[in-house]
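An overview of the molecular structure
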Amino acid sequence: VQLQASGGGLVQAGGYLRLSCAASGRTFSSYAMGWFRQAPGKEREFVAAISWRPGSTYYADSVKGRFTISRDNAKNTVYLQMNSLKPEDTAVYYCAASRVDGGGFLVVAGSYEYWGQGTQVTVSS
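Here's a quick rundown of the structure. (Residues numbered from 1 in each chain as written. Predicted model: local features only at pLDDT ≥ 70, side-chain atom pairs only at ≥ 80, totals over all residues. Heavy atoms only, no water.)

Within a sheet, each strand pairs with its neighbour through backbone hydrogen bonds, oriented either parallel or antiparallel. Read across the sheet, four strands follow the order β1-β3-β8-β7 without closing on themselves; strand pairing throughout is antiparallel. Two strands lie at the open edges of the sheet, namely β1 (3-6) and β7 (67-72), each paired on one side alone. Between one strand and the next, the sheet's axes are offset by a mean angle of 15 degrees, whatever the strand orientation. Direction of pairing for β1 relative to strand β3 (residues 17-23): antiparallel, over a ladder of four bridges. Directly across from leucine 3, in β3, lies its bridge partner alanine 23. (Pairing = 2+ DSSP bridges. Helix = DSSP H or I, 4+ residues; strand = E, 2+ residues; numbered from the N terminus. Axes fitted to C-alpha atoms, helices over the stretch in contact; angles between N-to-C directions.)

Structure, rendered in structure tokens:
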């Protein structure tokens, strides 16, 4: 599976962005998908994940209520809608794919087999 993230950019605090992650391969629907982010000088952290099972999504507390993860299996794409952005959301955002499922696994970066190249999100104050 190859992943290509896009949609990052510069936005003012309170604004919004939608990230996309396009996946190659015919088995996209069988993978759980996640978004992680890494700010300068910090470790990579979990943002959101979506199971291959309909309706199962998971969020970091820091983004809950502001970010929404979704997927379109017909387009082999996962999205991250980010609203009410804050300067502390500034980071490189990575999408990832995992064969394992369940919230306890999907919040851990080590559960993911495939990673995209990252897209920069910068939120100005």
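Resuming the write-up.
So, on to the nonpolar core. Soluble, globular proteins show a tendency: their nonpolar side chains are buried together. Judged by nonpolar contacts, the single largest core of 36 residues is most densely connected at Met33, Trp35, Leu80, Met82 and Tyr93. Those elements giving two or more residues to this core turn out to be β1, β3, β4 (32-38), β5 (45-50), β7, β8 (77-82), β9 (91-98) and β11 (119-124). Excluding residues that lie within four positions of it along the chain, tyrosine 93 makes contacts with Leu19, Trp35, Phe36, Arg37, Val47, Phe67, Leu80, Met82, Gly118, Thr119 and Val121. (Core = buried A, V, L, I, M, F, W, Y, C linked by side-chain atoms within 4.5 Å. Buried < 20%, exposed > 50% of the residue type's maximum accessible area, 1.4 Å probe, protein only. Contact = heavy atoms within 4.5 Å.)

Below, the discussion takes up the packing of aromatic side chains. In total, this model carries five aromatic pairs according to the counting rule given. Centroid distance tyrosine 31 to tyrosine 114: 6.0 Å. Interplanar angle 75 degrees. Geometry classified as edge-to-face. Here tyrosine 31 is found in the loop between β3 and β4, whereas its partner tyrosine 114 is found in strand β10 (residues 114-115), with 83 residues between them in sequence. Taken together, a centroid distance of 5.6 Å and an interplanar angle of 75 degrees make the contact between phenylalanine 36 and phenylalanine 46 edge-to-face. Residue phenylalanine 36 is found in strand β4, and its partner phenylalanine 46 is found in strand β5; the two are separated by ten residues along the sequence. The two residues phenylalanine 36 and phenylalanine 46 agree in class, both being buried. Members of the aromatic cluster, joined through ring pairs, are Phe36, Phe46, Tyr112 and Trp115. The ring of tyrosine 94 is capped by arginine 44, whose NZ or CZ atom sits 3.9 Å from the centre of that ring. Here arginine 44 stacks its cationic end above the ring of tryptophan 115, 4.8 Å away from the centre of that ring. (Phe/Tyr/Trp six-rings, centres within 6.5 Å; stacked < 30°, edge-to-face > 60°. Lys NZ or Arg CZ within 6 Å of the ring centre and 35° of its normal.)

Looking at where aspartate 101 falls in the secondary structure, it is placed in the loop between β9 and α1 (103-106). When its relative accessible area of 18% is taken as the criterion, aspartate 101 is described as buried. Here the side chain of aspartate 101 touches tryptophan 52 through a polar contact of 2.8 Å, side chain to side chain. Separated by 3.4 Å, the side chains of aspartate 101 and arginine 53 make a polar contact. (Polar contact = N/O pair within 3.5 Å; in protein donor to acceptor, adjacent residues only side chain to side chain.)

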